[in-house]
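Single-letter residue listing:
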Amino acid sequence: MNAEVTPRRCRVLGLVGSVALTAGGLTAGALPVRDALLPSSGRAALGVLGAYFGLVLLVAAWWWLGRSVRGPRPPVPRELLVTLALWAAPLVLGPPLFSRDVYSYLAQGAMADARIDVYAHGPARLGGPLATEVAPVWQHTPAPYGPLFVALAARAAGLAHTDLTAALLGMRLVALLGVGLMIAFLPPLADRCGVARPAALWLGALNPLVLLHLVAGAHNDALMLGLLGAGLVTAYGGLPVAAAVLVTCAALVKAPAALALPVVAALWALRLAGAARTLRAAALTGLVALATTAVVTAMTGTGYGWLTTLTTPVSAGNWSLTSGLGRLTGAVLAAVGGEGPSDLALPAWRRLGLATTAVIVVVLWRRRARIGPVYALALGLLALFVLGPAFRPWYALWGLFLIAAAAPEGRVRRWAAVGSGVLALGLLPSGYPPDAAQLTLAAGGGALALLALWWMFQMSGQGALSARTRTGARVARAGTGA
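Presented here is an overview of the structure given in this document. (Residues numbered from 1 in each chain as written. Predicted model: local features only at pLDDT ≥ 70, side-chain atom pairs only at ≥ 80, totals over all residues. Heavy atoms only, no water.)

1. Considerations on the overall build of the chain
Okay, step 1: Across its full length, the chain holds 20 helices and zero strands.
Okay, step 2: Expected size for 482 residues packed as a compact globule is a radius of gyration near 23 Å; at 24 Å, the chain falls within 12% of this value.
Okay, step 3: Taken along the three principal axes of its C-alpha coordinates, the chain extends 85 × 65 × 55 Å.
Okay, step 4: Put simply, the chain has 482 residues, and 50% of those count as buried.
Okay, step 5: Counting only carbon and sulfur atoms, one obtains 69% of the accessible surface of the chain, whose full area is about 21,500 Å².
Okay, step 6: Across the chain, 35 positive and 14 negative side-chain charges occur, with their mean positions spaced 15 Å apart. (Helix = DSSP H or I, 4+ residues; strand = E, 2+ residues; numbered from the N terminus. Rg over C-alpha atoms; globule rule 2.2 N^0.38 Å. Buried < 20%, exposed > 50% of the residue type's maximum accessible area, 1.4 Å probe, protein only. Areas by Shrake-Rupley, 256 points an atom, 1.4 Å probe, with all protein chains shown as cover. Lys, Arg positive; Asp, Glu negative; His and termini not counted. Charge placed at Lys NZ, Arg CZ, Asp CG, Glu CD.)

2. Overview of helix α8 (residues 197–204)
Okay, step 1: With seven of eight residues buried, α8 lies mostly within the body of the structure.
Okay, step 2: Among the residues of α8, Pro198, Ala199, Ala200, Leu201, Trp202, Leu203 and Gly204 are the ones counted as buried.
Okay, step 3: Against the buried residues of α8 lie α2 (42–69), α3 (77–93), α7 (164–193), α9 (208–216), α18 (397–406) and α19 (411–424). (Contact = heavy atoms within 4.5 Å.)

3. Brief notes about the packing of aromatic side chains
Okay, step 1: Per the counting criterion, the structure on display carries eight aromatic pairs.
Okay, step 2: A centroid spacing of 6.2 Å and a plane angle of 65° characterise the contact between Trp62 and Trp63, whose relative ring orientation is edge-to-face.
Okay, step 3: Where Trp62 meets Trp202, the ring centres are 4.4 Å apart and the plane angle is 10°; that geometry is what we call stacked. With a gap of 140 residues between them, Trp62 in helix α2 and Trp202 in helix α8 connect regions that are remote in the sequence. Trp202 shares its class with Trp62; the two are buried.
Okay, step 4: An aromatic cluster is built from Trp62, Trp63 and Trp202, whose rings are joined through pairwise contacts.
Okay, step 5: Sitting over the ring of Trp202, Arg70 keeps its end group 5.7 Å from the ring centre. (Phe/Tyr/Trp six-rings, centres within 6.5 Å; stacked < 30°, edge-to-face > 60°. Lys NZ or Arg CZ within 6 Å of the ring centre and 35° of its normal.)

4. Re a nonpolar patch on the surface
Okay, step 1: Together, Trp63, Trp415, Val418 and Val422 make up a nonpolar patch on the protein surface, roughly 430 Å² of accessible area in all.
Okay, step 2: A per-element tally of the nonpolar patch places α19 first, with three residues. (Patch = residues over 30% accessible without salt bridge, like charges linked within 9 Å, V, L, I, M, F, W, Y side chains within 5 Å. Salt bridge = Lys/Arg side-chain N within 4 Å of Asp/Glu carboxyl O.)

5. A closer look at helix α1 (residues 7–28)
Okay, step 1: Taking 1.5 Å per residue as the helical rise, α1 with its 22 residues ought to reach 32 Å, and the 30 Å between its terminal C-alpha atoms agrees with that figure.
Okay, step 2: Among the residues making up α1, those that are buried are Cys10, Leu13, Gly14, Gly17, Ser18, Ala20, Leu21, Thr22, Gly24, Gly25, Thr27 and Ala28. (Expected span 1.5 Å × (residues − 1).)

6. Let's talk about the nonpolar core
Soluble globular proteins tend to pack their nonpolar side chains together in the buried interior.
Okay, step 1: Counting 135 residues, the largest nonpolar core has Leu106 and Leu402 as its most contacted members.
Okay, step 2: When residues of this core are assigned to their parent elements, the largest contribution, 14 residues, is made by α2.
Okay, step 3: Setting aside chain neighbours within four positions, we find Leu402 in contact with Leu189, Leu228, Leu232, Val374, Leu377, Ala378, Leu381 and Ala407. (Core = buried A, V, L, I, M, F, W, Y, C linked by side-chain atoms within 4.5 Å.)

7. Thoughts on unusual backbone geometry
Okay, step 1: At Phe98, a position not held by glycine, the phi torsion is positive, near 70°.
Okay, step 2: Of note, Phe98 is situated in the loop between α3 and α4 (101–113).
Okay, step 3: You will see that Ala218, though not glycine, has its phi angle at about 55°, which is positive.
Okay, step 4: By the element assignment, Ala218 lies in the loop between α9 and α10 (221–236).
Okay, step 5: Judged by its relative accessible area of 5%, Ala218 is buried.

8. Regarding the side chain of Thr292
Okay, step 1: Along the chain, Thr292 falls in helix α13 (residues 277–300).
Okay, step 2: Sequence-distant contacts of Thr292, that is, excluding residues within four places in its chain, are made with Val245, Thr248, Cys249 and Leu252.

9. Observations regarding the environment of Ser323
Okay, step 1: Considering the arrangement of structural elements, one finds Ser323 in helix α14 (residues 321–337).
Okay, step 2: Along the backbone, Ser323 and Phe391 are 68 residues apart, and their C-alpha atoms lie at a distance of 9.2 Å.

As structure tokens, then:
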């Protein structure tokens, strides 16, 4: 690692980037409707410029910190956690960024509080000022989240009657609880998987996607991943019943966490005796999961409608790898054979993506004895992100969090880091699709950040050269007796 880019300088550089990103978000973030500015306004334009300036600085600081983590004297976990706290602090106090999903959470929570079935109706059924904060594409779509999260959102939504800012902070505190669980259980999980703690924390906790979408965006994926990490560590610790409860609770926030139940069963089987121990462990894990689901559902009173709304994120306008291929195929078929076959292309590609994901998960699971169950789960969740019908940058964290804990040093970790940096740059702070002017402003902000980084290196290089020159002069004087 270059002498100019020390962990301390990375910490300062990332903090400057986080502050600039938060400041830009004050005029260009996912603001409440009453505070939102027209994208064409000068303040909003300046916000996009400043936000992307800070974003590029933050990603660069994280990347260079990773070089230190891979160096001969990596920073200890405590230093990394202090860095994470400093980078996250401005984002905690700032507005929502990169998505308006937090408003959907609050509207769905308010619906549950008002005894409106969130699994049968969209926020438009709620009406009122809170529903107007929800993006138009989700106004008439039911909630895809489990009853545990809906119940938590209902608590936070109670604050929205008097203060929307307090309600947003309440949802961010739920996300921070999840991030706290991720940080607490990532190091012991890495120990179990043979990965160094600094490397795991850098990729899994200080990751820009965590800061941008779990802290600033307050996505419920944070709580899902925190409970998932707690469940896996508990399973390794010899408490399979508690592990199955925790993983099921993670799935009752967002369904993809249910893929970890076979990991709990596999670790449970190692503690059983007899020829049928695998089947017994699977059955016991399933029973605990069903019992946990029944208890949580009864306590929250939301019902089991969420089982029928898991495809809610798969809207007609969503983009993903399979959706893109479906639209391309549909356009070709429409040009060749009319509208009939073209209408089938998009759902066919989406089904093919899910089927391919299922095959990949099965293949990985059969290889778990060689690569480890957590690593197999990580790659399976990453396959679901890549081939699934809906694409969101923060969905990548489903697999990245566990890759950070379980993947050996090598190509997968490097590509995970590169992918994280690229995905961090993929959205504007407002969460809305950009126009040409906003893309130009974002590119301008990034270019200014690159110029600032170049200037920093130039000044650091001159300072280092001057220091070496002075040292050489002192040595020369000492050698001549001057």
